[in-house]
Amino acid sequence: MIGYILIVVILLPQSLAHPGFFTSIGQMTDLIHTEKDLVTSLKDYIKAEEDKLEQIKKWAEKLDRLTSTATKDPEGFVGHPVNAFKLMKRLNTEWSELENLVLKDMSDGFISNLTIQRQYFPNDEDQVGAAKALLRLQDTYNLDTDTISKGNLPDPEHQRANGNLKYFEYIMAKEKDDNKSASDDQSDQKTTPKKKGVAVDYLPERQKYEMLCRGEGIKMTPRRQKKLFCRYHDGNRNPKFILAPAKQEDEWDKPRIIRFHDIISDAEIEIVKDLAKPRLRRATISNPITGDLETVHYRISKSAWLSGYENPVVSRINMRIQDLTGLDVSTAEELQVANYGVGGQYEPHFDFARKDEPDAFKELGTGNRIATWLFYMSDVSAGGATVFPEVGASVWPKKGTAVFWYNLFASGEGDYSTRHAACPVLVGNKWVSNKWLHERGQEFRRPCTLSELE
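What comes next is a walk through the structure.

Basis of the calculations
Residues numbered from 1 in each chain as written. Predicted model: local features only at pLDDT ≥ 70, side-chain atom pairs only at ≥ 80, totals over all residues. Heavy atoms only, no water. Helix = DSSP H or I, 4+ residues; strand = E, 2+ residues; numbered from the N terminus. Buried < 20%, exposed > 50% of the residue type's maximum accessible area, 1.4 Å probe, protein only. Contact = heavy atoms within 4.5 Å. Areas by Shrake-Rupley, 256 points an atom, 1.4 Å probe, with all protein chains shown as cover. Disulfide = S-S within 2.5 Å. Pairing = 2+ DSSP bridges. Axes fitted to C-alpha atoms, helices over the stretch in contact; angles between N-to-C directions. Phe/Tyr/Trp six-rings, centres within 6.5 Å; stacked < 30°, edge-to-face > 60°. Lys NZ or Arg CZ within 6 Å of the ring centre and 35° of its normal. Core = buried A, V, L, I, M, F, W, Y, C linked by side-chain atoms within 4.5 Å. Parallel < 35°, antiparallel > 145°, perpendicular 65-115°, else oblique. Left-handed = near helix turned anticlockwise from the far one by under 90°. Nonpolar A, V, L, I, M, F, W, Y, C, P; charged D, E, K, R; others polar. Arc of directions from axis to C-beta.

Here's the deal with the overall build of the protein
Turning to step 1, where the next piece is worked out: When you go through the protein residue by residue, the secondary structure sums to 13 helices and 17 strands.
Turning to step 2, where the next piece is worked out: When burial is assessed residue by residue, the protein has 48% of its 454 residues classed as buried.
Turning to step 3, where the next piece is worked out: The contacts of the protein with a sequence gap of at least 6 include a subset with a gap of at least 24, amounting to 77%.
Turning to step 4, where the next piece is worked out: About 24,800 Å² of surface is accessible on the protein, with carbon and sulfur atoms providing 55% of the total.

In structure tokens form, the structure reads like this:
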């Protein structure tokens, strides 16, 4: 069996590998079906080899009995004309047939299937990315190597990893050095200069960020908590929500973060996911110096963009956001759908453009991002919170809900307390979709200001 498995490894050409699987759990599920198909094909190959060997074995047993009898009295045996004829026939014809059977390659079907499937295999980048994800999870959630290698995470399905302790210790030690090097490569953008040979973390709030991800954030005082309410909201008496108002919950006071409950149905979520899956591509950021889109180690996810005109469900979702916020969505960006990968995350960042980025949304011509609407389209078993390090807020994913906050003050100045992050997904599959609403188009509208919701 080991020999058969080695065939799969040896025949895997890295050049045909399909990169980026580690950045999307949703797309990684396709690998499960790919491997299942290969296992089925491998078992068919093994069965064919066993059938072939069984035929050869029967041949050998028959000839063993025959030659044992013949060698006892060779002259007497061949003296019988039928025996003499069969001996000539076996050596002239049947041994050639046996030779052809032995030489017959039963692996053609398996190799053909493998050749087709291996173009979808992960590559070295995926393996390294997954290994670095383990390091990230270990650091963020204070997990020791033994905990990770034994699979002692909040998931009973990980028990088969018990034998991997030494392997993970080796991988983590190796990849930790690579991870540090990768972080140093971002020094021209995000790292402060080294002092006396010691690298300074480019993320000054890392300790607070990781504490929030673990649920160890700042606790509100009872006085502040009393100002947080749950309510029904009709979108400034919007006809669609007068009889069936939306359910709201205050998540935080400053900045005001509102969660809408039961705001997107399971059926709508599945349609959005189905539309997005074929288009998912590695998420990028805009380089603040060059303006080019590029992938970075601190954003591990894949995303796709959906327009309202292409599907009535997307259009209905967009209008729902407009009705509940009072903000015009015609100048908003398309609905972005994101699926996070192994240890998927997006480290602390701003949604709005700062003063040193005057051309960030120039091509859109719609001004700055005035507000953010974020749908949670899946529950997450562990990790994956949206955290606001500046104020200590943590918002945990809950399928069917959405959170909303303003990125700008009424003056148009950016609210720096909205700096937020998507914590690494420890266990589970995180799907979100978000709508960034812009300044243009809001001049003559009456938005539902969050102060009105109290």
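Details of the state of the cysteines
Turning to step 1, where the next piece is worked out: Under the counting rule described, the total for this entry stands at one disulfide.
Turning to step 2, where the next piece is worked out: One disulfide in the model links Cys213 with Cys423; its S-S distance is 2.0 Å. One disulfide, between Cys213 and Cys423, carries an S-S torsion of -85° and so falls in the left-handed class. Separated by 210 residues along the polypeptide, Cys213 in helix H9 (residues 206-213) and Cys423 in the loop between strand S15 (420-422) and strand S16 (425-427) bring together distant segments of the chain. Both residues of the pair, Cys213 and Cys423, count as buried.

Observations concerning the sheet that holds strand S1 (residues 230-233)
Turning to step 1, where the next piece is worked out: Here we have nine strands laid out as an open sheet, ordered S1-S2-S3-S14-S10-S17-S8-S7-S4, and antiparallel in their pairing. The sheet is open, and its two edges are formed by S1 and strand S4 (281-282), each paired on a single side.
Turning to step 2, where the next piece is worked out: Examined bridge by bridge, strand S3 (residues 257-261) and strand S14 (residues 402-406) share three bridges and lie antiparallel to one another. Paired with Arg259 across the bridge in S14 is Val403.
Turning to step 3, where the next piece is worked out: Contacting strand S7 (301-306), strand S8 (335-340), strand S10 (369-376) and strand S17 (431-438), helix H12 (residues 266-276) crosses the sheet at an angle of about 100° to S7.

A look at the packing of aromatic side chains
Turning to step 1, where the next piece is worked out: Evaluated as defined, the whole model comprises 11 aromatic pairs.
Turning to step 2, where the next piece is worked out: Judged by centre distance (5.5 Å) and plane angle (85°), the rings of Phe352 and Tyr416 are edge-to-face. In this pair, Phe352 is assigned in the loop between strand S9 (346-349) and S10 and Tyr416 in the loop between S14 and S15, connecting sequence segments 64 residues apart.
Turning to step 3, where the next piece is worked out: Here a set of aromatic residues connected by ring pairs shows up, and it is made of Phe260, Trp373, Phe375, Phe404 and Tyr406.
Turning to step 4, where the next piece is worked out: The positively charged end of Arg369 is found above the aromatic ring belonging to Trp436, 3.6 Å away from the centroid.
Turning to step 5, where the next piece is worked out: Positioned above the aromatic ring of Tyr340 is the side chain of Lys430, whose terminal nitrogen or guanidinium carbon lies 4.6 Å from the ring centre.

Comments concerning the nonpolar core
Turning to step 1, where the next piece is worked out: Within the largest apolar cluster, 40 residues are counted, with the highest numbers of intra-cluster contacts made by Ile257, Val387 and Leu426.
Turning to step 2, where the next piece is worked out: The residues contacting Val387, other than those within four sequence positions of it, are Tyr209, Leu212, Cys213, Ala393, Ser394, Arg419, His420, Ala421 and Cys423.
Turning to step 3, where the next piece is worked out: Counting residues in hydrophobic clusters, the runner-up holds 35 residues, among them Leu324, Leu327, Val329 and Ile370.

Topic: the environment of Gly414
Turning to step 1, where the next piece is worked out: With respect to the secondary-structure elements, Gly414 resides in the loop between S14 and S15.
Turning to step 2, where the next piece is worked out: Classification of Gly414 as buried rests on a relative accessible area of 16%.
Turning to step 3, where the next piece is worked out: In this structure, the C-alpha to C-alpha distance between Gly414 and Lys355, residues 59 residues apart in sequence, is 8.7 Å.
Turning to step 4, where the next piece is worked out: Non-local contacts of Gly414, meaning those with residues more than four positions away in its chain, are made with Phe352, Asn407, Leu408 and Phe409.

Describing the packing of helix H2 (residues 25-72) against helix H5 (residues 108-117)
Turning to step 1, where the next piece is worked out: Viewed as axis vectors pointing N to C, H2 and H5 meet at an angle of 165°, and their least axial separation amounts to 9 Å. The angle between the axes of H2 and H5 places the two elements in the roughly antiparallel class. For the pair H2 and H5, the crossing hand works out as left-handed. In this structure, H2 contributes Thr34, Asp37, Leu38, Ser41, Leu42 and Tyr45 to the contact, and H5 contributes Gly109, Phe110, Asn113, Leu114 and Gln117.
Turning to step 2, where the next piece is worked out: Of the residues assigned to the contact of H2 with H5, the class counts are five nonpolar, five polar and one charged.

A look at H12
Turning to step 1, where the next piece is worked out: Buried within H12 we find Glu268, Ile269, Val272, Lys273 and Ala276. Angular distribution of buried residues about the axis of H12 spans 135°; they occupy a single face of the element.
Turning to step 2, where the next piece is worked out: On the buried face of H12, the contacting elements are S7, helix H13 (312-325), S8, S10 and S17.

Some thoughts on unusual backbone geometry
Peptide bonds are mostly trans, and most non-glycine residues show a negative phi.
Turning to step 1, where the next piece is worked out: Here Lys254 and Pro255 are connected by a cis peptide whose omega angle stands at 0°.
Turning to step 2, where the next piece is worked out: Tracing the chain through its elements places Pro255 in the loop between strand S2 (246-252) and S3.

Digging into the sheet that holds strand S13 (residues 393-395)
Turning to step 1, where the next piece is worked out: If you trace the four strands from one edge of the open sheet to the other, you get S9-S15-S12-S13, paired in antiparallel fashion. Each edge of the open sheet carries a strand with a single partner, namely S9 and S13. Put simply, the sheet's adjacent strands are angled 15° from each other on average, direction ignored.
Turning to step 2, where the next piece is worked out: Relative to the sheet, H9 contacts S9, strand S12 (386-388), S13 and S15, its axis offset from that of S12 by approximately 140°.

What about the packing of H12 against H13?
Turning to step 1, where the next piece is worked out: In contact at an axis separation of 10 Å, H12 and H13 are set at 120° when each is read in the N-to-C sense. Compared by their axis directions, H12 and H13 come out oblique. H13 is crossed by H12, and the crossing has left-handed handedness. Contacts from Glu268, Ile271, Val272 and Leu275 of H12 reach H13 at Val313, Val314, Arg316, Ile317 and Arg320.
Turning to step 2, where the next piece is worked out: Here the residues of the contact of H12 with H13 sort into six nonpolar, no polar and three charged.

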